Amino acid sequence: MAPRDEVLSWYRAATETLISTPAKDDPDPESAAVNVLLQRQAKALLIIHDALRDPSPHQVDEPLLTRRLSDVVSISTSKFYAYRFDLLPYQWRQMHTDALILSTFHDILCSLGQNAWLGEEALDGVVEKLDRAVITAGGAGVLGTAWIEKTLQLLERLCDASPSEPPAKRARRADSHFSPGEPYSRPLLSAERTCPARSGWSLDKFDKYMNGDTSPRPVVFTDLVATWPALTNRPWKSPAYLLSRTFGGRRLVPVEVGRSYVDSDWGQELVPFGAFLSRYISSEGGEEVGYLAQHDLFSQIPSLRSDISTPDFCWSPVPMHPTDPAKNKTPLDVPLVNAWFGPARTITPLHTDAYHNLLVQVVGTKYVRLYPPWSKVMRPRGDEDGVDMSNTSSLDVGVLEGWDEDAQGMTEEERETAKSELGSQEYWECVLGEGDTLLIPMGWWHYVRSLSVSFSVSFWWN
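Residues numbered from 1 in each chain as written. Predicted model: local features only at pLDDT ≥ 70, side-chain atom pairs only at ≥ 80, totals over all residues. Heavy atoms only, no water.

### Looking at the overall build of the chain
This is how the line gets drawn: Helix and strand definitions follow DSSP, with helices as H or I runs of at least four residues and strands as E runs of at least two, each counted in order from the N terminus. The globule rule is 2.2 Å times the number of residues to the power 0.38, and the radius of gyration it is compared with is taken over C-alpha atoms. A simple rule labels every residue: compare its accessible area, found with a 1.4 Å probe on the protein chains alone, to the largest value its type can have, and call it buried under 20%, exposed over 50%, or partly exposed in between. Only heavy atoms enter the contact rule, under which two residues are in contact if any of them lie within 4.5 Å. Accessible areas in this description were obtained via Shrake-Rupley with a 1.4 Å probe; residue shielding takes into account the shown protein chains only. Positive residues here are Lys and Arg, negative ones are Asp and Glu, while His and the chain termini are left out of the count. To locate a charge, take atom NZ for lysine, CZ for arginine, CG for aspartate or CD for glutamate.
When its secondary structure is counted, the chain shows 14 helices and 15 strands. For the chain, the C-alpha radius of gyration of 25 Å lies close to 23 Å, the compact-globule estimate for 462 residues. A total of 462 residues make up the chain; the buried ones form 50% of that total. By sequence separation, contacts in the chain at least 24 residues apart represent 79% of the contacts at least 6 residues apart. Summed over its atoms, the accessible surface of the chain is roughly 21,400 Å², and 51% of this surface lies on carbon and sulfur atoms. Measuring between centres, the 44 positive side-chain charges of the chain sit 4 Å from its 62 negative side-chain charges.

This is the structure we're talking about:
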């Protein structure tokens, strides 16, 4: 089957599935009414599809169809602001996903109706909407994330078959890597506080270390991920490779804009991966800091997940929180895996996690400072705009050390007092290079600062 026909057939079957799947009992009359509206648009799309082979024109009012699909997206989007995400009724997440999928079907019908290929503008819009369904609504619904990923693969195949060379192929010609340079000063490490570096540990030795008579301290492992494709034959240090894995840079990613998530000017946006690279990562980017931080990139883009593997240490039985049992989380079935990608000077402020963490450095260098859970001078933040920020310290390591400007207006005396308090505590520090893995035990406060363009992967487990 030709790529064009394969895409159209795939979408038609999906739309039939959405129509034929019986709606669950819904006590909310608003969502029930919106779902009926969405079903009507799905049936109209089938009429438009079937008319592609019929010389007589269909009777669907396409401008109205476009408006109605947009209405459903807008209504469901408003619910994401009306509820906390974990309390959002599932049907609104499902309708958000379904409406975006049906909207892309209409975009594809408009573009492929008389052509064998999708226009660039149409393709960009389709990829953006599908990614929004995954990132915003978690791909909820009958079709789900797996269907969306398969659709993107079919679209890439259609794009590759186009007589005009697609951007992803042009990008593969480049063989440059991200600059390894560290444009800002590297912190000086003290020998007595530098995390020990280890190699050759077995899982049994790691188990004994984690469950010994004393609480585990941070350790840098230098050989856990040496065979990862992301470090070898499928290098993440290559912009061209990353663009090829993100549909020529079209895939949408969430970006934190600003130096730190506790700063007043901090914000978030969804941008195409290629735009993220050019705006924030490349040498042509501006001074504004953008950070792809704590994002489950590998569920969104499984092709990148195949470039890494979960370290065996993540299957070790490990102790729970060393000082406060109330902070223990329900045991995870599998580790939580997140991506952290940004330019030099991106930071994660001093904070603590509820899981043990193996932080793997794949591209560039990163400075990390760590304080134990029993430290008494961390000054945890409180409730801020209804959000519990007690896992984050009000102490800004970058400001106290003179690496960053003080936006909070501390006096010199306040700064020296806070720095002295921190200096009196046990702490460990390190600079992670490519291929290094840092063990951050559960409950340890840690401050993280990218020294160069940096791509890291964290594995949380308990």
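### Observations regarding the sheet that holds strand β12 (residues 428–432)
To be explicit about the condition: Two strands pair if DSSP finds at least two bridges between them. The convention used is that axes are lines fitted to C-alpha atoms, helices contributing only their stretch in contact, and that angles between N-to-C directions extend from 0 to 180 degrees.
The strand order β7-β14-β9-β12 describes an open sheet built from 4 strands, whose pairing is antiparallel. If you trace the sheet from one side to the other, it starts and ends with β7 (347–351) and β12, each paired once. Between one strand and the next, the sheet's axes are offset by a mean angle of 15°, whatever the strand orientation. As paired strands, β7 and strand β14 (residues 445–450) are joined by 3 bridges and run antiparallel to one another. The residue of β14 that forms the bridge with I347 is R449.

### Observations regarding helix α1 (residues 3–20)
Quick reminder of the rule: What a helix is expected to span follows from its residue count: subtract one and scale by 1.5 Å. The directions considered for the arc run from the helix axis to the C-beta atoms.
With 18 residues, α1 extends 26 Å from end C-alpha to end C-alpha; this agrees with the ideal 26 Å at 1.5 Å per step. Among all positions of α1, only R4, V7, L8, Y11, R12, A14, T15 and L18 are buried. Down the axis of α1, the buried set is contained in an arc of 165°. They therefore lie on one face. The inward-facing, buried residues of α1 contact α2 (29–50), α4 (90–112), α5 (120–137) and α6 (144–160).

### Things to note about the packing of α1 against α2
Using the following cut-off: Angle categories: roughly parallel below 35 degrees, roughly antiparallel above 145, roughly perpendicular from 65 to 115, and oblique for all the rest. Note: crossing handedness is left-handed where the near helix turns anticlockwise from the far helix by less than a right angle, and right-handed where it turns clockwise. In this classification, the charged set is Asp, Glu, Lys and Arg, the nonpolar set is Ala, Val, Leu, Ile, Met, Phe, Trp, Tyr, Cys and Pro, and all remaining amino acids, among them Gly, are polar.
Packing of α1 against α2 leaves a shortest axis separation of 10 Å and a crossing angle of 150°. Viewed along their axes, α1 and α2 adopt a mutual orientation that is roughly antiparallel. Crossing handedness for the pair α1 and α2: left-handed. Residues L8, R12, T15, E16, L18 and I19 of α1 touch α2, and the partners they reach there are Q39, A42, K43, L46, H49 and D50. When grouped by side-chain class, the residues that make up the contact of α1 with α2 number 5 nonpolar, 3 polar and 4 charged.

### Observations regarding the side chain of Q361
Rules: Whenever two N or O atoms come within 3.5 Å, that pair is a polar contact, provided that in protein one can donate a hydrogen and the other can accept it, and provided that, for residues adjacent in sequence, both atoms are side-chain atoms.
One can find Q361 in strand β8 (residues 356–363). Engagement of the side chain of Q361 in a polar contact is seen with the backbone oxygen of G364, the distance being 3.4 Å. Polar side-chain contacts of Q361 include one of 2.7 Å to the side chain of S456. Those residues in contact with Q361 that lie beyond four places of it in its chain are L231, K366, L432, G433, E434, G435, D436, S454, F455 and S456.

### Details of the domain arrangement of the chain
For the record, the criterion: An automatic or database domain assignment provides the domain bounds reported here. Accessible area that two parts lose when put together, evaluated with a 1.4 Å probe and summed over both, is termed the buried area. A pairing counts as a salt bridge when a side-chain nitrogen of Lys or Arg comes within 4 Å of a carboxyl oxygen of Asp or Glu.
One can read the domain layout of the chain as domain 1 (3–161) and domain 2 (197–461). Each of domain 1 and domain 2 has a C-alpha centre, and the two are 36 Å apart. Taking both partners together, domain 1 and domain 2 bury about 1,200 Å²; carbon and sulfur atoms supply 64% of that area. Looking at the side of domain 1 facing domain 2, the largest losses of area belong to D131, I135 and E149, adding up to 39% of the total buried there. The tally of links between domain 1 and domain 2 comes to 4 salt bridges. Salt-bridge contacts for R250 lead to D124; the nearest nitrogen and oxygen are separated by 2.8 Å.

### Focus on unusual backbone geometry
One non-glycine residue, F247, lies in the positive phi region at around 60°. By the element assignment, F247 lies in the loop between α9 (239–245) and β3 (252–257). The phi angle at R345 is positive, at roughly 85°, despite the residue not being glycine.

### Topic: the UniProt feature "domain: JmjC" (unreviewed entry) in the chain
Selection rule: UniProt positions are given in the numbering used here, feature names are shortened, and annotations may be inferred rather than shown by experiment.
Cross-referencing UniProt, the feature "domain: JmjC" (unreviewed entry) maps to residues 290–462 in the present numbering. As a span, residues 290–462 carries 14% helix and 34% strand, and end to end its C-alpha atoms are 30 Å apart.

### Some points on the sheet that holds strand β5 (residues 290–295)
Sheet architecture is open: 9 strands sit in the order β1-β2-β13-β8-β15-β6-β5-β3-β4, paired in mixed fashion. Edge positions in the sheet fall to β1 (197–198) and β4 (267–272), since each has one partner strand and no second. The pairing of β8 with strand β13 (residues 437–440) spans 4 bridges and is antiparallel. Bridge pairing in β13 links V360 to T437.

### Some points on the environment of Y427
Counting through the fold element by element, Y427 comes out in the loop between α14 (412–423) and β12. Along the chain, Y427 and D160 lie 267 residues apart, while their C-alpha atoms are 52 Å from each other. Apart from residues lying up to four places away in sequence, Y427 is in contact with S190, R193, R369, L370, Y371 and L422.

### Here we look at the pairing of β12
Here β12 lies mainly inside the structure; 5 of its 5 residues are buried. As paired strands, strand β9 (residues 366–371) and β12 are joined by 5 bridges and run antiparallel to one another. Bridged to Y367 within β12 is V431.

### Quick notes on the pattern of salt bridges
Overall, the coordinates contain 26 salt bridges when judged by the stated rule. Two residues, R157 and E6, come together in a salt bridge whose shortest N-O distance is 3.2 Å. Taken together, the residues R157 in helix α6 and E6 in helix α1 connect sequence positions 151 residues apart. Judged by its relative accessible area of 23%, E6 falls in the partly exposed class. Members of the salt-bridge network, linked through shared partners, are R12, E16 and D50.

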